[in-house]
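Geometric and topological summary
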Amino acid sequence: MPQDGLDADGGGARARRVFPPAGLMAAVLAVGAGLSAVGLGTVWLYAAALPPLDLAPAAARSTVVLDRSGTLLRPFATADGRWRLPVTAEAVDPRFRAMLLAYEDRRFAHHPGIDPAALLRAAGQWLTRGRIVSGGSTLSMQVARLVEPRRERSLDAKLRQMVRAVTLERRLGKPGMLDLYLALAPYGGPLEGVRAASLAYFGREPARLTAAQAALLVALPQSPEARRPDRFPDRARAARDRVLDIASARGVLTEAEAEAAKAEPVPTGRKPFPMLAAHAAEEAIAADPTNPAIRLAIDAPLQARLEALAAERAAAAGPDLSAAILVLDNRDGRILAQVGSAGYLDATRRGAIDMTLAIRSPGSALKPFVYAMAFEDGLAHPETLLEDRPTRFSASYAPENFDLTFQGTVTARRALQLSLNVPAVALMEAVGPARFIARLRAAGAGIQLPREAAPGLPVALGGLGITLTDLARLYAGLSRGGTLPDLLRHAEAAPGSGHRIAGRVAAWYVADILRGTPPPENALPNRIAYKTGTSYGYRDAWAAGFDRRVTVAVWVGRPDGAAVPGLVGRIVAAPILFDAFARLGGDPEPISRPADTLMAESGSLPPPLQRLGRDMAGAPGPTVRIAYPPDGARIDLGLTPGGHGRDGAAGAPGLALKASGGVPPLTWLIDGQPVAHALRHRAEWIPQGAGFVRISVLDATGASDSVAVRLE
């Protein structure tokens, strides 16, 4: 009970006469007499008969999902619908703590849980004046009442409360008692604890409070329903001002500070609890339902900026449209931001659906990986000439470009930057759609084909299903030299080894090409490597981009899959991508070029790499084959990590390369890099260290074969 002159129900500042019932008056007298006559011995005798105190119900807290630095992303109510957020005294404004103790229990630091002087004073005032003048309960006794609620007001209830207060103090100490009060104090409705109240009434954590805010939070627990500011603001103001007066009288505030605080308005409504990364929080809770505090790798300020960006751009794009954004840290695969929709609570845009996990058609967004495989296999180089002309790849398949025009002969670099369809399909035919899908799935991408059909050439243009999350991870692999990161959703998760999607040189080729892709209108060129995609029927608009630090992937569309005329990746999604990078802060960082990259003009390339012929792409199989080493072999060359033989001699043992068939001269490539002086059916290559490598051979007609081996 407060040590002030307020009515018991908090209805006014003027004390009223409240004549105690005989039973309760007798209880107070008995308590006071007992304490004065026999001290605490009576309490211990009574305590021996009480059952053990169960703290489990009081320990229940709202589950909270936090960002990487501990900022609250989203809290969840307890099983019984209460908002009881974890909090400690150290996380609360010191001025609030000082006001609380000055108002509730000035001798809190010195008594053992009960304050005999306060009890005797309260009883004497009650008997002599016939009304409540001051309360006798300590803060510890109030905690005992919150831990073990009892409705009756009797000698037994009062004595039990006193015993529990002493027991709790011995078990928890003063800091633990204060923490328990701050977590359990009632604030009206389902709000319990100072943190939930501060967020609900002020929209802020209780670590920094104004004097007026702190005073209101001190006053509310004494009569939480009667003083709720969202229902009874006048009563709340009167109670707050009374706390300010007492705080001023007892030296917590100056008189000027108290008067200034009284001029601050009282909140008249409740604010929503934080709901950043709402989808990620729900998914984390579903995956770990017993964890009371889950800490994600998400960066809360970045998440907030990108959620605002998604909502703003989706609204501008049209009705019923949603947007999703995913940001990955390329160093370790941590998810820095996960915007699942344009607004979690926006039912018109089906905001509750997490579109970062929805399977949709990517359009041209997977073309870079077709090129990466072709570069790795030695089928093409960024300067290889490709034909963009009307071409029929089968009786029923003759792809066209988005703008229904053709560019003629172009380099692979230009073909990818312009997202030309015929060259991409020609490369897919050379690589093999089944092998392409197998590579994506082996890297961990959840690829879905229509009705589980066999992979065909249309997969090069988006004839499959993939999630935004998997697409972002694939692009992050290009920034990491071809090695995909394992996605890390939790702040404390350890990075994994990842999977390989492309060779180191091939990945850099693609990254270098995409960095030169023309930017959207009003954006600066050559800052990030990026690619867009538009699914068939204008159902999905995509954009994915990266620099050395981060990868950002964007999706825009209707969650129900309906067509949206004019929904084009370059027009709708790409500007969001560039704005997202701008909100990341800092300048984009380019990716370093591997030392063994082949930099040459088209005419200076080895003859098989100068031009990709249609006859080669459509051939039923390679006319040249690698006889040794076989595909998938594990070859022990006695290598050490530094590339030396196990005997310590400088240099590593050579690997024999053998081919059969084909038209000489033959060109051997290791991870897309030509082997010097290897133009015959037999050659030797000196490895630089252990690991996986892809060995390719091309003959003079452009026919090729390729194997992947592991050197040990």
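Everything below is about the structure printed above this text.
What counts and what doesn't
Residues numbered from 1 in each chain as written. Predicted model: local features only at pLDDT ≥ 70, side-chain atom pairs only at ≥ 80, totals over all residues. Heavy atoms only, no water. Helix = DSSP H or I, 4+ residues; strand = E, 2+ residues; numbered from the N terminus. Buried < 20%, exposed > 50% of the residue type's maximum accessible area, 1.4 Å probe, protein only. Contact = heavy atoms within 4.5 Å. Areas by Shrake-Rupley, 256 points an atom, 1.4 Å probe, with all protein chains shown as cover. Pairing = 2+ DSSP bridges. Axes fitted to C-alpha atoms, helices over the stretch in contact; angles between N-to-C directions. Expected span 1.5 Å × (residues − 1). Polar contact = N/O pair within 3.5 Å; in protein donor to acceptor, adjacent residues only side chain to side chain. Salt bridge = Lys/Arg side-chain N within 4 Å of Asp/Glu carboxyl O. Phe/Tyr/Trp six-rings, centres within 6.5 Å; stacked < 30°, edge-to-face > 60°. Lys NZ or Arg CZ within 6 Å of the ring centre and 35° of its normal. Core = buried A, V, L, I, M, F, W, Y, C linked by side-chain atoms within 4.5 Å.

**So, the overall build of the chain**
Check the secondary structure of the chain and you find 22 helices and 22 strands. With 712 residues in all, the chain has 54% of them scored as buried. Considering only contacts within the chain whose residues lie at least 6 apart along the sequence, 70% involve residues at least 24 apart. For the chain, the exposed surface amounts to about 29,700 Å²; the carbon and sulfur share of it is 55%.

**Describing the sheet that holds strand β2 (residues 72-75)**
With mixed pairing, three strands are arranged side by side in an open sheet as β2-β1-β5. Each of the sheet's edge strands pairs with one partner strand only, and the pair in question is β2 and β5 (293-295). Adjacent strand axes in the sheet meet at a mean angle of 20°, parallel and antiparallel pairs treated alike. Where strand β1 (residues 64-66) lies against β2, three bridges are found, and the strand directions are antiparallel. Its bridge partner being in β2, Val64 is matched across the sheet by Pro75.

**What to know about helix α13 (residues 300-317)**
Here α13 spans 26 Å end to end across 18 residues, near enough to the 26 Å set by a 1.5 Å rise per residue. By the burial criterion, the buried members of α13 are Ala300, Leu302, Gln303, Leu306, Leu309, Ala310 and Ala314. For α13, the secondary structure elements touched by its buried residues are β2, β6 (322-329), β7 (335-339) and α20 (569-584). For α13, the capping residue at the N-terminal end is Asp299, with a side-chain oxygen 3.0 Å from the backbone nitrogen of Leu302.

**Brief notes about the pairing of strand β18 (residues 667-670)**
Side-chain alternation along β18 places Thr667 and Leu669 on one buried face and Trp668 and Ile670 on a second face that is also buried. Pairing of β18 with strand β21 (residues 691-698) involves four bridges; the strand directions are antiparallel. Across the sheet, the residue bridging to Trp668 is Val697, located in β21. Here two bridges tie β18 to strand β19 (residues 673-674), and the two strands are oriented antiparallel to one another. For Leu669, the partnering residue across the bridge sits in β19 and is Pro674.

**Comments concerning unusual backbone geometry**
With the exception of glycine, the majority of residues adopt a negative phi angle, and the majority of peptide bonds are in the trans configuration. For the bond running from Tyr628 to Pro629, omega is 5°, close enough to zero to count as cis. As for its placement among the helices and strands, Pro629 is situated in the loop between β15 (624-628) and β16 (634-635). Pro665 follows Pro664 through a cis peptide bond whose omega is 0°. Mapped onto the secondary structure, Pro665 falls in the loop between β17 (655-661) and β18. Even without glycine at this site, Asp320 takes up a positive phi of about 70°. As for its position among the elements, Asp320 is in the loop between α13 and β6.

**A few points about the pattern of salt bridges**
All chains considered together, the criterion is met by 36 salt bridges. The partner of Glu225 in a salt bridge is Arg228, with the nearest N and O atoms 3.6 Å apart. The exposure class of Glu225 is partly exposed, given its relative accessible area of 40%. Given the relative accessible area of 7%, Arg228 is considered buried.

**A look at the packing of aromatic side chains**
Evaluated as defined, the whole model comprises eight aromatic pairs. Centroid distance Tyr371 to Phe375: 6.2 Å. Interplanar angle 65°. Geometry classified as edge-to-face. Of this pair, Tyr371 and Phe375 both sit in helix α14 (residues 367-376), four residues apart, roughly one helical turn. What makes Tyr371 buried here is its relative accessible area of 0%. The class for Phe375 is buried, based on a relative accessible area of 1%. Grouped by ring-pair contacts, the aromatic residues Tyr371, Phe375, Trp508 and Tyr509 constitute a single cluster. Between the NZ or CZ atom of Lys174 and the centre of the ring of Phe108, over which it lies, the distance is 4.5 Å. Residue placement shows Arg235 over the ring face of Phe232; its charged tip is 4.9 Å from the ring centre.

**What about the nonpolar core?**
One broad rule of soluble globular proteins: the nonpolar side chains tend to lie buried together. Ranked by size, the top nonpolar core spans 75 residues in total, and within it Tyr371, Phe375, Phe436, Leu474 and Tyr475 carry the most contacts. In terms of residues, this core owes the most to one element, helix α19 (residues 504-515), which gives nine residues. In contact with Tyr371, not counting residues within four places along its chain, are Leu386, Ala412, Ala415, Leu416, Pro423, Ala424, Leu427 and Val510.

Limitation: the analysis is restricted to geometry and does not speak to function.
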